[in-house]
Amino acid sequence: MCGLLLTIEDGQVTGARGNPDDPLSRGHICPKGVAIGDIQADPDRLRRPVRRDRTTGAWTEIGWDEALDLVADGIAGVVNAHGRSSLGIYLGNPNVHSLGSMTHGTALVKALHTPNTFSATSVDQLPHQLMAHLMFGHQLLLPIPDIDRTSYFLVFGANPMASNGSLMTVPDFPGRLRELKARDGRMVVFDPRRTETAKVATEHHFLRPGSDAWILLAMVRQLFVDGVATAPSYAVGLAAVEAAVAPFTPALAEQHSGVAAEEIVRIARDLASSDGAVAYGRIGVSTTEFGSICQWAINLLNVLTGNLDRTGGAMFTSPAIDIVGTGLIGRGGHGRRTSRVRGLPETSSELPVAALREEIETPGDGQIRAMLTLSGNPVLSTPDGARLDTALAGLDFMAAVDIYINETTRHADVILPPTTALERDHYDLVFHALAVRNTARFTPAALPAGKDSRHDWQIYRDLALRITDRLRPRRGIADRAKLRARMSISPTRMIQVLLARGDSGVTITRLRKKPEGIDLGPLRPDQLPARLRNRDRTIDLAPALVIDDLARLTATAAPSADELVLIGRRHKQDCNSWMHNSERLTKGRPRHQLLMHPDDLDARGLSDGALVTVTSRVGSVKVDVQASADMMPGVVSLPHGYGHGREGTRLGVADEVAGVSINDLTDPERLDVSGNAALSGVPVTVS
Ligand SMILES: Nc1nc2c(c(=O)[nH]1)N[C@H]1C(S)=C(S)[C@@H](COP(=O)(O)OP(=O)(O)OC[C@H]3O[C@@H](n4cnc5c(=O)[nH]c(N)nc54)[C@H](O)[C@@H]3O)O[C@H]1N2
Ligand SMILES: Nc1nc2c(c(=O)[nH]1)N[C@H]1C(S)=C(S)[C@@H](COP(=O)(O)OP(=O)(O)OC[C@H]3O[C@@H](n4cnc5c(=O)[nH]c(N)nc54)[C@H](O)[C@@H]3O)O[C@H]1N2
Ligand SMILES: [Mo]
C-alpha cells in the first residue's frame, strides 16, 4: 500500500524509494519495500512449475500444461474416489495482497466446493470479522481509527511502528504519530512488551498476556458507572450490555492483568472525555483465548463514548470499490456447520486452521487426503506446526501455488509459481477498504512478466476449469460455460467495471494517468445507520455469542506468581514467514532470539546469550536467549515466521538467521470462541 518509485535498469530493480506524491503513504517506505527487488531477483524463487519425485525427493522443472494436468488429475482423482471433503484448501496471507487472487482465487475455491477450507484468518483477525458480522452486519465492516484527527488513541496488542498497522492500513505511522502529538493528542498502549510503539507512546502499561478482556470490560463498565454510556438510536441491547459487564470490576481486572484498578478507571474516563477518541486492538488481543470478547469490548468503547462514525473516532471507509456495500464479499456467517473431528464452528464458510492437522490425520468419512495451499506456509504459521508438517507428509496428493520450496510446499507433489508483485497489475481491493484515508491507486506491472510465466489469476482459471472438467458427476454444459466466462475476465478488466459501477468518479483511465493515486479525502463521519449491513440497519450491542462466552472468562483462574508465558513479535524487517532469504533484510544483528527479562533469567540461573530449551504442552525448541528489560517479568517472546533450514526446503536462508518456529510451541487446543487460535500467552518453561 506504500507508493514506491522504482529505478529499473536492464529489467532489474536497482532502487526503491517512497513516492512523496502518494496521497496515502506520503513518501513513506519500510525495509520490505526497499527490498522488493530482492524477491524479483532471487535465484531461489520458482519461475517454472516443479514436480517432486516421491521416492527420491528430487524436484524437476516441468511445463505448465503438464503441471496443471498433474494437479487437476491429482485433486480430481482423490475427490472422485473419496468425496468433496477429501480436499483441503489453505489460503495464506499474500492472497489478500494480490488482485488476481482476490478476483480469481476465491472463485477457484468456490468451484471446488469443499467444506474443508482454511485460511490464515483463523490465526489472525477472525474475532474482528466475527464481531463486525454480528454487530454491524458485515464481516468486513470494520471501524478504522481516524488516526489523522484523533486526540486520544488507545491501543491494545498492536505494534504499528513495526507492522504499519493492521485492519488500519497506516503507512507512515511514525509521521502520523508525530502529528498526533503535535496537536496535543495522546497515545496509550497496553502491551506485555515495551515495543517500538510503546516506546513512543504517551503512556505504556504492561499487562499479563491474555488479560485484556478483563481490562476492556472494566472500562466499558466504568462508562455505565459514570453515567456516560450512550448508544445511538439505531443500536439495540444497551441494557443487556450494562448487566453483562457489571461483574467485571476494575479490582478484578487488576488481579488478572496486573494493571492498577485506578489506572483502568482513569483511562476509561480519559477516553470518554476526549474530543474525538478511539480504542483499537489488534493481533495481540485477537490471538488470545478471549479475542472475540476483546474486539466486542473495543467496539463497545467506541460506540458507547459516541466515537463510532465520528471524526477523530472510528469510522467506516468509503473506498472507490466498496467490497462491503456491493456485496462483492459476503456478509459472513458463523456456526452453520462444524468441523468433523472436534466440532469447531465454521465462520464465513471456513474452518479454524487449528483443526487442519486432525482433519488430515483422523481416519474416517470426510478425512482430508489431498491439500491445495495457495500462498500459505501453515507449517510455520499455525499452532503445532511441527505436527502439521508430519501430517502433510502423509497426504495422498498435495499441490501448492507458491513462489518458494519452503517448510510447507516441500510436501507438495507439484508447485505452480505465479508472477510476483512487480510483474502483475495491482489495485488493492482489501487494504483501501481498511485504510486511514480514502484513496485509490492502480499500479500497472512495473516489469514484463517473464517468458513462459503465468499470473496467479491465470493459474486459478486453468485449475478451476481443468479440475471441474475431471470431477464426477460432471457439471452441466451451461455451468461450465459460466465458469469459463467468469474466469476468463482479467482482474484489471474487473477493476475497470467495478470502478465504473461505484460513485466515486474514479475510473481506470484517471488512475492510469495518476499512478501515484487519487485522494478521496479523510474518513467520513455520519454514515450510520445507512452503512450497516444487517437487515434492520441496527447495531447489535449484545450478541449472544459473546454474552454467553463471559462465563468462560469468569471461570479463568487468577495468575499464579511463578507463571511464565510466551508471546510473539513482529519486526520491521520481517514479513511473516518469508523474505528471510533477502540479505538486505537479514544482515546485521540476528533477531530470532527468545527475549526474557533479566530477573527471569537470574531466577533460572541462565545468562544472556545462552542456548535454552523452551517447552510447552505441545513441543520444545532450542534457541538463543537474550536479556531484555523491555519484557514484562513472567513473559518471554519469540518472533513468528522463523524456523527455516528444514530438510528439503530451497530457500537460501542463512543458518544464523534461521531461528526456530514459535508455532512448534503454540497449542491448537487453545482457542477463542470464534475458533481463532490463541497463539499468545502460551504457558512455557525455559531451562
Ligand atoms: N505464533 C504466531 N503465529 C502467527 C502469527 C503471529 O503473530 N504469531 N501471525 C499470524 C498472521 S497475522 C498471519 S497473516 C499468518 C500468515 O500465515 P501464512 O499466510 O500461512 O504465511 P506467510 O508467511 O504469509 O506465507 C506466505 C506464503 O506465500 C508465498 N508467497 C509470497 N508471495 C507470493 C505471491 O506473490 N504469490 C504466491 N502464490 N505466493 C506467495 C510465500 O512463499 C509463503 O509460502 O501467520 C500467523 N501466524
Ligand atoms: N514488518 C512487518 N509488518 C507486518 C507483518 C510482518 O510480518 N512484518 N505482518 C502483517 C500482518 S499479516 C499482520 S496481521 C499485522 C499485525 O499487526 P500488529 O497487530 O500491529 O502486529 P504485532 O507486531 O504482532 O503486534 C502485536 C502486539 O501485541 C502484543 N501482545 C501479545 N500478546 C498480547 C496480549 O495478550 N495483550 C496485549 N495487549 N498485547 C499483546 C505483542 O507484544 C505485540 O507488540 O502486521 C502486518 N505487518
Ligand atoms: Mo496477518
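Residues numbered from 1 in each chain as written. Chains lettered and ligands numbered in written order. Predicted model: local features only at pLDDT ≥ 70, side-chain atom pairs only at ≥ 80, totals over all residues. Heavy atoms only, no water.

**Student:** Sorry, what's going on with the overall build of the chain here?
**Tutor:** Looking only at helices and strands, one finds 25 helices and 30 strands in the chain. What you see for the chain is a C-alpha radius of gyration of 24 Å, in line with the 26 Å of a compact globule of 687 residues. Counting only C-alpha atoms, the chain reaches 70 × 65 × 55 Å along its principal axes. Within the chain, the fraction of its 687 residues that count as buried is 60%. Of all intrachain contacts in the chain linking residues separated by at least 6 positions in sequence, the fraction that spans at least 24 positions is 75%. Accessible surface computed for the chain: about 25400 Å², of which carbon and sulfur atoms make up 50%. When the 75 basic and 78 acidic side-chain charges of the chain are each reduced to a single mean position, those positions are 6 Å apart. (Helix = DSSP H or I, 4+ residues; strand = E, 2+ residues; numbered from the N terminus. Rg over C-alpha atoms; globule rule 2.2 N^0.38 Å. Buried < 20%, exposed > 50% of the residue type's maximum accessible area, 1.4 Å probe, protein only. Contact = heavy atoms within 4.5 Å. Areas by Shrake-Rupley, 256 points an atom, 1.4 Å probe, with all protein chains shown as cover. Lys, Arg positive; Asp, Glu negative; His and termini not counted. Charge placed at Lys NZ, Arg CZ, Asp CG, Glu CD.)

**Student:** Help me understand the nonpolar core, please; the structure alone is not making it clear to me.
**Tutor:** Ranked by internal contacts, the top residues of the largest apolar core, which has 106 residues, are F153, L154, F190, M219, W296 and Y427. Ranked by the residues each element gives to this core, the list is headed by helix α9 (residues 212–225), at ten residues. Contact partners of Y427, with chain neighbours within four places excluded, come to L99, A320, I321, H432, A440, R441, F442, I495, L499 and L511. A67, I75, L374 and A399 belong to the second-largest nonpolar core, a separate cluster that totals 35 residues. (Core = buried A, V, L, I, M, F, W, Y, C linked by side-chain atoms within 4.5 Å.)

**Student:** Please clarify how the UniProt feature "domain: 4Fe-4S Mo/W bis-MGD-type" (unreviewed entry) in the chain should be interpreted in this entry.
**Tutor:** According to UniProt, the feature "domain: 4Fe-4S Mo/W bis-MGD-type" (unreviewed entry) maps to residues 1–44 in the numbering used here. Across residues 1–44, the secondary structure splits into 23% helix and 30% strand, with the terminal C-alpha atoms separated by 26 Å. (UniProt positions renumbered as here; feature names shortened; annotations may be inferred.)

**Student:** How should the sheet that holds strand β18 (residues 414–416) be read in this particular structure?
**Tutor:** Read across the open sheet, the seven strands follow the order β4-β3-β18-β17-β16-β5-β6; overall the sheet is mixed. Each of the sheet's edge strands pairs with one partner strand only, and the pair in question is β4 (59–61) and β6 (117–119). Strand-to-strand twist of the sheet, defined as the mean angle between neighbouring strand axes without regard to direction, takes the value 20 degrees. (Pairing = 2+ DSSP bridges. Axes fitted to C-alpha atoms, helices over the stretch in contact; angles between N-to-C directions.)

**Student:** Looking at this model, I keep getting lost on the domain arrangement of the chain. Mind explaining?
**Tutor:** How big an interface is tends to be reported as the loss of accessible area on association of its parts. Entries for the chain in the domain assignment read domain 1 (59–121 + 325–422 + 455–490) and domain 2 (126–320 + 528–553). On the side of domain 2, 13 residues touch domain 1, which itself brings ten residues to the contact. With both chains or domains summed, domain 1 and domain 2 bury close to 1100 Å², and 54% of this area falls on carbon and sulfur atoms. Inspection of the domain 1/domain 2 interface yields zero salt bridges. Across the domain 1-domain 2 interface, the total number found is ten residue pairs in polar contact (both at pLDDT 80 or more). Residue composition of the side of domain 1 that touches domain 2, grouped by class: one nonpolar, eight polar and one charged. (Domains from an automatic or database assignment. Buried area = accessible area lost by both parts, 1.4 Å probe. Salt bridge = Lys/Arg side-chain N within 4 Å of Asp/Glu carboxyl O. Polar contact = N/O pair within 3.5 Å; in protein donor to acceptor, adjacent residues only side chain to side chain. Nonpolar A, V, L, I, M, F, W, Y, C, P; charged D, E, K, R; others polar.)

**Student:** Would you mind going over the sheet that holds strand β12 (residues 277–281) with me for this structure?
**Tutor:** Strands sit in the order β10-β9-β8-β12 across an open sheet of four strands; the sheet is parallel. Each edge of the open sheet carries a strand with a single partner, namely β10 (203–205) and β12. Strand-to-strand twist of the sheet, defined as the mean angle between neighbouring strand axes without regard to direction, takes the value 15 degrees. Sheet analysis places strand β8 (residues 152–156) next to β12, joined by five bridges and oriented parallel. Each bridged residue has a counterpart across the sheet, and for Y152 the counterpart in β12 is A277. Together, β8 and β9 (186–190) form the strand contacts of helix α7 (residues 173–182), whose direction differs from that of β9 by roughly 125 degrees.

**Student:** Sorry, what's going on with the site of ligand 2 here?
**Tutor:** Among the 31 residues in the neighbourhood of ligand 2, the closest are listed as D191, D212, D574, N576 and S680. With respect to ligand 2, the side chain of K32 contributes an N or O atom lying 3.4 Å from a nitrogen atom. Protein contact buries 94% of the 920 Å² of open area that ligand 2 shows by itself. For the shell around ligand 2, a count of residues per class yields eleven nonpolar, twelve polar and eight charged. (Near = heavy atom within 4 Å.)

**Student:** Explanation requested: unusual backbone geometry in the structure shown.
**Tutor:** Most peptide bonds adopt trans geometry, and most residues besides glycine take a negative phi value. Here the amide bond leading from R472 into P473 is cis, since omega sits at -5 degrees, within 30 degrees of zero. Looking at the element boundaries, P473 is found in the loop between α18 (456–470) and α19 (477–488). Of the consecutive residues L528 and P529, the connecting peptide bond is found in the cis state with omega at 5 degrees. Mapped onto the elements, P529 comes out in the loop between β22 (518–522) and β23 (539–540). For N164, which is not a glycine, the phi torsion comes out positive at approximately 65 degrees.

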